[in-house]
Amino acid sequence: ADLPATKSDVRNHLRAMGREEVWTEMQGRVYGPRLGEAAAYPGVLEFVRAVRTAGIPVAIISHKTRHPFLGEKHDLHAAAWGWLEQEGFFDSARIGLPRDHVFFELTKQAKLERIGAWGCTHFIDDLPEFLGEASFPAGVERWLFDPNDLYREETRFHRLGRWEDAGEALGLRTADATSVTMTGGVSGGGSGDEAHDARVRAFLARCGLPEPVAWTPLPGGANNRVFLVRSAGTTRVLKRYFHHPADTRDRFGAERAFYTWAWDHGLRSVPEPLGWDAEARLGLFAQVEGRKLEARDVDATRVNEAAELVMALNASRFEPGAAGIPAASEACFSVAAHLACVERRVTRLREMSPESELDQEAASLVREELVPAWQEVGAELRRGPTAEELPLAARVISPSDFGYHNALLAADGRLRFLDFEYAGWDDPAKLVCDFFCQPQVPVDWRHWPALVGALERGIPGLEGLEARARRLFPAYQIKWCCIILNEFLRGDRARRAFAHGAEAVESRKRAQLDKACFRLRAARETWGRIG
């Protein structure tokens with residue numbers, strides 16, 4: 001009980017007991033299926049973002065075996081790629097590190113050779129024995145990261161107690177790199193489509209924005225195109241909604257209905273809608289300034305704000321006007337419907353036509369791991385009742401795709417929630433499961449009782465929500481692995497290309513495959529332990 005909670009102390013304690021094999025197996029579990037639970041060390045995300053902002057090339061070069069030496073054969077590389085993706089390293093709106101700037105070398109010597117080949121001028125490591133290797137590349141300034149002051153007698157290297165020290169040593173102001181707006185912004189104006197631009201200008205004029213207007217395409221949206229619009233000293237956010245014959249969901253209609261309901265009922269934790277053009281599928285919103293959240297930002301206060309939004313949306317859900325809100329995307333009101341929803345997604349992936357080696361790799365994951373896992377989960381769900389419909393009183397108006405990936409922390413210290421194109425009436429258990437499965441800004445399961453308890457107490461008719469959500473949760477872990485693999489489906493590639501351009505799709509496919517592999521294997525570790 002009195003052992004300090006540090007890696008080195010745990011390692012040294014086990015070694016002193018003659019239990020080196022326990023330490024080795026523990027590392028395999030921590031750096032494998034449990035890695036998604038790890039928080040980034042304070043200051044490291046800001047440091048990498050600041051280095052990138054300053055235009056300084058930066059790489060992650062790590063010595064990491066593919067599998068643990070002892071215990072289960074977890075894929076440690078897939079887990080590491082998944083964690084980097086989860087923490088926003090490859091997200092252009094957060095850090096934007098190129099994927100080819102990350103190297104996991106199988107041996108220590110290969111790591112040393114990579115440092116030299118990449119042309120590093122500085123290298124940061126937490127092991128003095130590595131920095132002191134005789135074959136360490138010449139001419140590289142070696143910095144020892146030693147936040148616990150374990151190597152206070154070490155004089156060969158520049159010691160860092162905090163990541164902020166590294167930024168200061170390079171002349172960077174790392175705090176400045178954490179402040180962003182809703183959309184990030186890049187220079188430019190117009191969409192390149194003259195007919196569309198004319199339609200947009202007419203819409204903006206109807207919304208009170210006079211000529212001249214300029215709009216800048218913004219990064220971050222997965223499905224739609226978003227622009228920052230400037231006119232006469234005013235800044236607004238313009239959203240153009242995706243539509244494709246193979247995807248019949250009315251994203252525009254769902255979002256308009258949601259925002260109208262929210263603002264008519266006094267909710268101000270969402271952006272103000274300023275105008276709509278149904279024919280062109282355009283929406284105009286007030287700009288919300290704030291920063292994106294990271295996993296470490298998610299605490300009891302933030303979970304309470306999420307619960308407050310859902311409760312406020314449903315405080316008047318039986319008013320006549322609520323009938324105008326459509327069913328949410330993939331709404332489910334029975335266990336059978338939940339089963340069918342996930343089954344459709346699994347089937348789509350099982351029937352995909354591989355067009356490249358990467359597609360073949362994805363197909364293999366689906367065939368050998370995803371499908372068997374779904375068969376196991378589905379069989380368990382079918383052991384209980386499946387056909388009974390959820391009564392109207394137990395349904396809610398759901399933000400859908402609800403999580404902190406669609407939120408900003410504003411200057412007043414409160415959250416603003418964004419993007420409701422899948423919103424509508426749904427099973428609250430689905431809302432809960434999606435909330436805890438969303439991969440971009442994951443929510444720790446210790447918050448499960450707080451969120452579910454708040455919804456059960458705050459919304460009449462939701463008695464039994466906790467048991468229903470717990471029962472469905474493994475199915476939604478499978479569903480989210482399917483969503484992550486959407487990049488490999490033709491229709492979804494078209495949607496991503498609409499938002500980002502075709503070139504970005506291929507680079508995302510590798511990232512999503514690694515993430516799905518990691519999450520699927522980690523999911524098995526959690527079944528039966530939720531709450």
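Residues numbered from 1 in each chain as written. Predicted model: local features only at pLDDT ≥ 70, side-chain atom pairs only at ≥ 80, totals over all residues. Heavy atoms only, no water.

Some details on the overall build of the chain
Move 1: Secondary structure assignment for the chain yields 17 helices and 15 strands.
Move 2: Counting across all 531 residues of the chain, residues that qualify as buried make up 50%.
Move 3: The contacts of the chain with a sequence gap of at least 6 include a subset with a gap of at least 24, amounting to 68%.
Move 4: About 24,200 Å² of surface is accessible on the chain, with carbon and sulfur atoms providing 51% of the total. (Helix = DSSP H or I, 4+ residues; strand = E, 2+ residues; numbered from the N terminus. Buried < 20%, exposed > 50% of the residue type's maximum accessible area, 1.4 Å probe, protein only. Contact = heavy atoms within 4.5 Å. Areas by Shrake-Rupley, 256 points an atom, 1.4 Å probe, with all protein chains shown as cover.)

Points about the sheet that holds strand 5 (residues 158-160)
Move 1: Read from one edge to the other, the open sheet built from 3 strands follows the order 3-4-5, with strand pairing classed as parallel. Two strands bound the open sheet, and with one partner strand each, they are strand 3 (122-125) and strand 5. The mean angle between the axes of side-by-side strands here comes to 30 degrees, regardless of whether they run parallel or antiparallel.
Move 2: Pairing of strand 4 (residues 141-145) with strand 5, which is carried by 3 bridges, proceeds in the parallel orientation. Counterpart to L144 in the pairing with strand 5 is R159. (Pairing = 2+ DSSP bridges. Axes fitted to C-alpha atoms, helices over the stretch in contact; angles between N-to-C directions.)

As for empty space enclosed by the protein
Move 1: With the rule as written, the count across this model stands at 1 cavity of 30 Å³ or more.
Move 2: In this structure, the largest cavity spans a volume of roughly 30 Å³.
Move 3: For the largest cavity, the full set of lining residues is G82, Q86, P439, K515, F518 and R519.
Move 4: Among the secondary structure elements, those contributing two or more residues to the lining of the largest cavity are helix 4 (76-86) and helix 17 (502-526).
Move 5: The element best represented in the lining of the largest cavity is helix 17, accounting for 3 residues.
Move 6: Looking at the lining of the largest cavity residue by residue, the class counts come to 2 nonpolar, 2 polar and 2 charged. (1 Å grid on protein atoms, 1.4 Å probe; cavity = no way out; pocket = protein on both sides within 12 Å on 5 of 7 lines; lining within 4 Å. Points joined across faces, edges and corners; volume = space filled by probe spheres on them. Nonpolar A, V, L, I, M, F, W, Y, C, P; charged D, E, K, R; others polar.)

Re the sheet that holds strand 8 (residues 234-240)
Strand pairing in a sheet relies on backbone hydrogen bonds. The paired strands run either parallel or antiparallel.
Move 1: With antiparallel pairing, 5 strands are arranged side by side in an open sheet as 6-7-8-10-9. Looking at strand neighbours, the two that pair on one side only are strand 6 (213-217) and strand 9 (273-277), the edges of this open sheet. Each neighbouring strand pair of the sheet contributes to a mean axis angle of 25 degrees, computed without reference to strand direction.
Move 2: Two elements, strand 6 and strand 7 (residues 225-231), share 5 bridges in a ladder whose sense is antiparallel.

Considering the confidence of the model for the chain
Move 1: On average, residues of the chain carry a pLDDT of 86, and 89% of them reach 70 or more.
Move 2: In the predicted structure, residues 175-192 sits below a pLDDT of 50 and forms 39 contacts with residues beyond four places in sequence or in another chain.
Move 3: Confidence over residues 493-503 falls short of pLDDT 50; this stretch has 37 contacts with residues more than four positions distant or in other chains. (pLDDT = per-residue confidence, 0-100.)

Considering the packing of aromatic side chains
Move 1: A complete count under the given rule lists 24 aromatic pairs for this structure.
Move 2: Relative to F136, the ring of F123 has its centre 6.3 Å away and its plane inclined at 65 degrees; by these criteria the two rings are edge-to-face. One end of the pair, F123, is in strand 3; the other, F136, is in the loop between helix 6 (128-131) and strand 4, and 13 residues separate them in sequence.
Move 3: For the ring pair F252 and W276, a centre distance of 5.7 Å and an interplane angle of 80 degrees mean the geometry is edge-to-face. Of this pair, F252 sits in helix 9 (residues 251-264) while W276 sits in strand 9, placing them 24 residues apart in sequence.
Move 4: Classification of F252 by relative accessible area gives buried; the value is 3%.
Move 5: The rings of F402, Y404, F417, F435, F436, W445, W448 and F473 are connected pair by pair, giving a single aromatic cluster. (Phe/Tyr/Trp six-rings, centres within 6.5 Å; stacked < 30°, edge-to-face > 60°.)

Some remarks on the nonpolar core
Move 1: Counting 90 residues, the largest nonpolar core has Y404, F417, V432, L455 and I478 as the members making the most contacts within it.
Move 2: In this structure, F47, W81, W83 and W163 belong to the second largest nonpolar core, which totals 27 residues. (Core = buried A, V, L, I, M, F, W, Y, C linked by side-chain atoms within 4.5 Å.)

Overview of the packing of helix 1 (residues 7-16) against helix 2 (residues 20-30)
Move 1: Helix 2 packs onto helix 1 with a crossing angle of 145 degrees between their chain directions and a minimal axis gap of 7 Å. Along its contact with helix 1, which presents K7, V10, R11, L14 and R15, the element helix 2 presents E20, V22, W23 and M26.
Move 2: Its residues assigned to classes, the contact of helix 1 with helix 2 comprises 5 nonpolar, no polar and 4 charged.

A look at helix 2
Move 1: Of the residues making up helix 2, those classed as buried are W23, T24 and G28. Looking straight down helix 2, one finds that the buried residues subtend no more than 140 degrees of arc, so they occupy a single side.
Move 2: Summarising the contacts, the buried residues of helix 2 are in contact with helix 1 and helix 4. (Arc of directions from axis to C-beta.)

Topic: helix 13 (residues 428-437)
Move 1: The buried fraction of helix 13 is high, at 10 of 10 residues.
Move 2: All of the buried residues in helix 13 are P428, A429, K430, L431, V432, C433, D434, F435, F436 and C437.
Move 3: For helix 13, the side-chain oxygen to backbone nitrogen distance between the N-cap and A429 is 2.8 Å, and the N-cap itself is D427. (Polar contact = N/O pair within 3.5 Å; in protein donor to acceptor, adjacent residues only side chain to side chain.)

Re the pattern of salt bridges
Side chains that carry opposite charge are capable of pairing whenever their charged atoms lie near each other.
Move 1: Inspection of every chain in the model, using the stated rule, returns 47 salt bridges.
Move 2: With its nearest N and O atoms 3.1 Å apart, the salt bridge here joins R345 to E330. One end of the pair, R345, is in helix 11 (residues 335-350); the other, E330, is in the loop between helix 10 (300-313) and helix 11, with 15 residues separating them in the sequence.
Move 3: The class for R345 is buried, based on a relative accessible area of 9%.
Move 4: According to the relative accessible area criterion, E330 is partly exposed, its value standing at 24%.
Move 5: Linking R521 and E369 is a salt bridge whose minimum nitrogen-to-oxygen distance equals 2.4 Å. Of the two residues, R521 is situated in helix 17 and E369 in helix 12 (residues 357-381); the sequence distance between them amounts to 152 residues. (Salt bridge = Lys/Arg side-chain N within 4 Å of Asp/Glu carboxyl O.)

Looking at the side chain of T24
Move 1: Inspection of the secondary structure puts T24 in helix 2.
Move 2: When neighbours within four sequence positions are excluded, T24 is seen to be in contact with F69 and L70.

Brief notes about the packing of helix 13 against helix 15 (residues 465-484)
Move 1: Remark: helix 13 packs on helix 15, axes separated minimally by 8 Å, with the N-to-C direction vectors making an angle of 50 degrees. Between helix 13 and helix 15, the angle is such that the two are oblique. As for the relative orientation of helix 13 and helix 15, their crossing is right-handed in sense. Across from P428, A429, K430, V432, C433, D434, F436 and C437 in helix 13, the residues of helix 15 making contact are L465, R468, A469, L472, F473, Y476, Q477, K479 and W480.
Move 2: Looking at the contact of helix 13 with helix 15 residue by residue, the class counts come to 12 nonpolar, 1 polar and 4 charged. (Parallel < 35°, antiparallel > 145°, perpendicular 65-115°, else oblique. Left-handed = near helix turned anticlockwise from the far one by under 90°.)

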